[in-house]
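Residue strings, one per chain:
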Amino acid sequence: MASRGTLVGRHAERERLGYALGQARLGSGSLVLLSGEAGVGKTRLAEELAEGSGALVLSGRASQGAVAPYGPIVASLRSYLRVHPDGLADCGPLRPHLALILPELGDPAPVSDRDTLFEAVHGAFACLAREGHLVLLLDDLQWSDDATLELLPALAERLSRLPVLLIASYRSDGLPRDHMLRRLRHELRRSGRLDELALAPLTPSETTELLAQIFNDTPAPSLANAIHDRTQGLPFFIEELARALLATNAVTGGRQGLVLTEGGQVPVPDTIRDAVLMSTSELSPEARTAAEAAAVAGDAFDLDLVAEVASATGLAELIERELITEDGPGQGAFRHALARDALYADVPWLQRRALHRRLAEALEHGGGKSMQVATHWLGASEESRARNALLRAADESRAVHAHRDAARAGRQALELWPDGDEQERRLEALESHAKSAELCGELSEAARAWREICTIRADLDTHEQLAVAQRRLAAVYDLRGDRESASAARRTAANAYAAAGSPAEAAVEHLAIAGYLGNSADHSAAIELAQAAGAEAGGAKRLDLRARALGLEGVARTRGGDFEGGLQTVQAGLALALEHGLTPVAAELYQRLGTVFYYSADYRRAEHTLDTALDLCRAVDAPGTELACVTCMIYVLRECGEWSQATAMGREVIAAGTDGWLAEGLIGAINGFQGKLSSARRLLSSSLAVSSQMSHFSMIIDSTAGLAWIAAAEGDDDEAAKLCRSLLARWERSEDHHYAVRGLRWAAGFFARSRDLEGAHACAAALTQIASGTGHADALAALAYAIGEMALADGDATSAAEQLSRAVELHRGLEIPYERAEIELRAGVALAAAGERELALERLSDAYRGARKLGARPLAAEAAREVAALGESIVHRLGRRAAADEAGAGLSRRELEIVRLVAVGRTNRGIAQALFLSPRTVDMHVRNLLRKLDCRSRTEAAHRAGELGLLM
């Protein structure tokens with residue numbers, strides 16, 4: 001019999017794992033992923049480390065096709081409880097939650113959730129690590145249940161405060177693109193906790209060393225090279241092949257060491273399967289039968305169960321020959337999953353089916369896990385019984401919040417369902433499956449299930465149930481950002497509710513659709529539908545829905561240009577809600593009222609109204625309305641120039657992970673105005689992608705305008721023009737009278753300065769339509785600006801100065817400081833062209849001070865340059881800071897010196913020596929200039945400084 005010997009090679013890998021183990025001993029644990037192709041020695045390396053660690057070692061493995069939720073975690077804890085039945089008696093107050101997956105701990109908690117269960121698992125490992133460090137080995141995670149893989153990132157964060165080293169190994173070859181392990185690695189990387197060790201095959205010299213251990217003799221170079229070539233250095237393949245050669249007496253001594261007998265005529269096995277089968281060729285009939293039964297049972301199995309369908313004597317021989325090992329009391333496992341795969345493939349099909357059937361019956365009789373039972377019924381081709389077991393497995397997974405595993409089991413069960421069979425039961429299964437798919441984020445799968453439910457409900461002519469299903473389908477579409485499909489589903493739901501005699505529920509759906517239409521700038525249709533919803537609500541005597549309908553109608557009127565009518569309509573809804581004590585509805589109506597004010601460019605009243613709305617939201621716990629208030633407030637604060645507060649609120653929304661794309665677009669524009677072009681482009685592009693998918697008109701317009709501004713700032717006029725035309729085309733398909741004003745104004749100026757008068761005229765025509773329809777000051781100012789820019793492009797400086805000065809005056813009553821500064825700058829340029837030097841300098845000075853106050857460095861620098869172009873001293877007119885802005889994009893004199901040295905490749909130490917500064921001071925200046933230039937690296941800063949002409 002070949003000897004297992006010591007571990008060959010892996011010196012660097014052992015050192016890395018040893019370091020992680022040392023850190024765990026000191027109380028700073030971690031999760032290490034151990035990857036590599038099948039047979040490369042992952043398990044052996046982890047076990048070798050654990051055996052010499054002096055730690056409490058727990059292990060659990062996943063089995064192919066039959067893993068219950070949290071299976072490897074449960075197996076590891078259960079292995080400890082078999083030896084120490086009361087070992088988790090003192091694991092804290094969350095023990096009842098842990099009992100959900102470990103029933104032997106007692107009565108489970110009647111109510112739980114996933115986060116609490118995760119914390120309970122952490123508490124169990126913390127309990128076991130009280131007396132010393134703990135090593136936890138989780139193997140074959142490529143077959144793991146999803147619940148375990150969702151748990152590991154949360155566990156990794158907590159391990160950093162425990163003396164626990166968790167080694168999680170998996171096969172990296174053949175891993176599907178959508179495997180949860182890829183998501184696990186992404187989560188760990190995002191949190192900065194990805195520590196992965198990838199094992200490579202053995203080298204030729206290491207293969208020779210391993211063969212010498214197995215043969216207990218030195219192989220000849222010819223034999224070692226042949227085996228290395230055949231096995232590609234995979235340790236398991238090397239071992240099995242060597243065992244096969246020993247078992248068949250295929251090697252003999254030669255002058256240079258062991259060689260194949262008869263001059264190498266005995267064939268070397270081509271595959272691992274061949275090697276395994278050769279090494280087991282001399283098993284007794286009883287052992288052969290037991291090996292086949294064990295292979296059908298799985299990688300890990302219950303010894304008594306296999307003995308029941310085979311024989312204990314045969315199992316004993318397999319253990320003696322080390323084909324299988326005892327894996328805890330009453331548990332067995334193959335020495336390697338590849339050995340099991342080879343034996344399983346060799347079992348004749350009819351015999352395999354019979355063994356699967358016997359194992360399924362035994363497991364059902366003994367109360368085995370439903371997923372394991374289902375796997376065997378599938379192997380036995382008993383689809384009906386497999387389907388029933390899969391449905392039970394899905395229920396078991398849902399009970400422990402393992403919804404991804406529940407969705408997988410449910411999907412398998414539904415795929416086995418005969419057409420037209422047990423329709424009511426199928427509907428129940430579909431609904432459970434759809435809910436699990438929603439909860440684990442598999443929205444396409446959830447939508448597919450709800451669509452089938454809707455089809456069946458429509459055929460059964462059950463209006464109320466059809467309406468509920470269509471509403472659920474619409475909610476899934478909403479989560480996917482598919483507003484068009486959501487709208488269609490809600491229309492069907494509304495019709496079904498109306499047919500079922502539920503006008504109030506129909507009104508709810510119509511209000512939701514009206515909201516979609518409003519966001520898409522289809523305001524006439526939104527008004528019509530809101531009025532229909534109001535009528536339905538009135539018929540149902542639902543004052544809350546009536547008030548909400550008035551709010552939606554009022555906002556749609558305002559967005560369509562009827563500011564006064566919109567204001568009165570929203571105020572009527574708010575009065576109705578306040579009169580009848582409908583506080584949550586009042587909170588929503590205050591938010592609507594704030595929207596009306598900011599669409600009217602009355603930003604201070606909008607801010608005050610939204611403050612009231614937020615107070616009400618927090619008082620009645622209305623998170624959805626609160627989020628709408630916050631995003632509206634960010635927009636208002638941005639327009640009012642309160643950028644620090646807007647950015648802080650926006651970052652909180654992004655961190656919360658709900659509708660962060662709205663905040664991304666708003667913050668992105670602020671970053672652009674501040675000169676942080678890289679981050680601005682990233683945020684605006686992300687916002688535009690989502691808002692386009694959701695047909696959210698205002699953010700499409702806002703993000704498109706912001707990206708056009710950035711493209712122009714970077715000198716990419718073609719891209720800027722393309723984006724401006726996209727903005728104009730989007731507006732032409734809408735009924736908007738507010739949100740596009742700023743973008744159209746800037747686009748008109750950009751086109752005029754680019755000598756694209758056709759584009760400028762198109763933007764001016766759009767602004768004329770908006771201004772004539774509303775008569776509002778911001779639209780009139782934007783139109784005057786557009787006319788002025790076109791006049792300036794035509795060489796009519798007098799008319800340009802007149803129109804741009806008029807735009808400035810119109811803006812004096814509006815609290816939109818950034819736009820005012822932009823218009824003041826262009827008015828100054830026009831006045832200078834018209835010979836009005838002092839007035840020009842006054843306008844440019846106002847523009848500079850306004851931009852400087854906001855922190856809009858590019859605009860401030862441009863204003864300073866225009867002052868300098870008039871022959872005026874920037875220092876005298878604007879101050880020393882303005883001179884620095886104009887000369888160096890906001891960089892100080894010292895920072896300019898340093899960026900020039902950075903550009904020629906000097907290190908911080910070299911710069912310090914050249915400028916007689918300390919390296920620490922240089923480091924501070926480099927960080928500051930990176931921030932000011934909005935760059936992430938020294939190379940990028942050097943490139944950006946060159947673009948700005950700072951390296952001269």
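In what follows, the structure referred to is the one given above.
Conventions adopted
Residues numbered from 1 in each chain as written. Predicted model: local features only at pLDDT ≥ 70, side-chain atom pairs only at ≥ 80, totals over all residues. Heavy atoms only, no water. Helix = DSSP H or I, 4+ residues; strand = E, 2+ residues; numbered from the N terminus. Buried < 20%, exposed > 50% of the residue type's maximum accessible area, 1.4 Å probe, protein only. Contact = heavy atoms within 4.5 Å. Pairing = 2+ DSSP bridges. Right-handed = clockwise from strand over helix to strand, strands pointing away. Patch = residues over 30% accessible without salt bridge, like charges linked within 9 Å, V, L, I, M, F, W, Y side chains within 5 Å. Areas by Shrake-Rupley, 256 points an atom, 1.4 Å probe, with all protein chains shown as cover. Salt bridge = Lys/Arg side-chain N within 4 Å of Asp/Glu carboxyl O. Lys, Arg positive; Asp, Glu negative; His and termini not counted. Charge placed at Lys NZ, Arg CZ, Asp CG, Glu CD. Axes fitted to C-alpha atoms, helices over the stretch in contact; angles between N-to-C directions. Parallel < 35°, antiparallel > 145°, perpendicular 65-115°, else oblique. Left-handed = near helix turned anticlockwise from the far one by under 90°. Nonpolar A, V, L, I, M, F, W, Y, C, P; charged D, E, K, R; others polar.

## Observations regarding the environment of Glu-431
Next up, step 1: Relative to the elements of secondary structure, Glu-431 occurs in helix H21 (residues 423–439).
Next up, step 2: Accessibility expressed as a relative area gives 24% for Glu-431, which makes it partly exposed.
Next up, step 3: Between the C-alpha atom of Glu-431 and that of Ala-393, which follows or precedes it by 38 residues, the distance is 16 Å.
Next up, step 4: Leaving out residues up to four positions away in the same chain, Glu-431 has contacts with Trp-450, Ile-453 and Arg-457.

## Topic: unusual backbone geometry
The phi torsion of most residues other than glycine is negative, and most of the peptide bonds are trans.
Next up, step 1: Phi angles above zero are rare outside glycine, and Gln-232 is one such case at about 55°.
Next up, step 2: Within the fold, Gln-232 resides in the loop between helix H9 (221–231) and helix H10 (235–247).

## Examining the pairing of strand S3 (residues 134–139)
Next up, step 1: By the criterion of burial, S3 is predominantly enclosed, with 6 of the 6 residues buried.
Next up, step 2: Of the two faces of S3, the one holding Leu-134, Leu-136 and Leu-138 and the one holding Val-135, Leu-137 and Asp-139 are both buried throughout.
Next up, step 3: As defined by bridge partners, strand S2 (residues 56–61) adjoins S3 across 6 bridges and the pair is classed as parallel. Bridging across to S3, Val-57 finds its partner in Val-135.
Next up, step 4: Sheet topology note: the S3/strand S4 (residues 164–171) ladder contains 5 bridges and is parallel. The residue of S4 that forms the bridge with Leu-137 is Ile-167.
Next up, step 5: With helix H6 (residues 146–159) bridging S3 and the parallel S4, this β-α-β connection has right-handed handedness.

## Quick look at a negative patch on the surface
Next up, step 1: Taken together, the side chains of Asp-716, Asp-717, Asp-718 and Glu-719 define an acidic patch exposed on the protein surface.
Next up, step 2: Within the secondary structure, Asp-717 is located in helix H36 (residues 717–732).

## Some details on the packing of helix H34 (residues 677–693) against helix H35 (residues 697–713)
Next up, step 1: H35 packs onto H34 with a crossing angle of 150° between their chain directions and a minimal axis gap of 9 Å. The orientation of H34 relative to H35 falls into the category roughly antiparallel. Viewed along their axes, H34 and H35 form a crossing whose handedness is left-handed. Taken together, the residues of H35 that come into contact with H34 (itself represented by Leu-677, Ala-680, Arg-681, Leu-684, Ser-685, Ser-687, Leu-688, Ser-691 and Ser-692) are Met-699, Ile-700, Ser-703, Thr-704, Gly-706, Leu-707, Trp-709, Ile-710 and Ala-713.
Next up, step 2: Along the lines of polarity and charge, the residues of the contact of H34 with H35 split into 10 nonpolar, 7 polar and 1 charged.

## What about the pairing of S4?
Next up, step 1: In terms of burial, S4 is a largely internal element, 8 of the 8 residues being buried.
Next up, step 2: Neither face of S4 is open: one carries Val-164, Leu-166, Ala-168 and Tyr-170, the other Leu-165, Ile-167, Ser-169 and Arg-171, and all of them are buried.
Next up, step 3: Both strand S1 (residues 30–36) and S4 contribute to a ladder of 7 bridges, which runs parallel. When the bridges of S4 are listed, Leu-33 appears paired with Ala-168.

## Details of the sheet that holds strand S10 (residues 331–334)
Sheet strands pair via backbone hydrogen bonds, and the direction of the pair is either parallel or antiparallel.
Next up, step 1: Strand order in the open sheet formed by 3 strands is S8-S10-S9, and the pairing between neighbours is antiparallel. In the strand order of this sheet, the two ends are held by strand S8 (300–302) and strand S9 (324–326), each with one partner. Across this sheet, the average inter-strand angle for adjacent strands is 30°, counted without regard to direction.
Next up, step 2: In this sheet, S10 lies alongside S8 in antiparallel orientation, the contact comprising 3 bridges. What sits directly across from Ala-300, in S10, is Ala-333.

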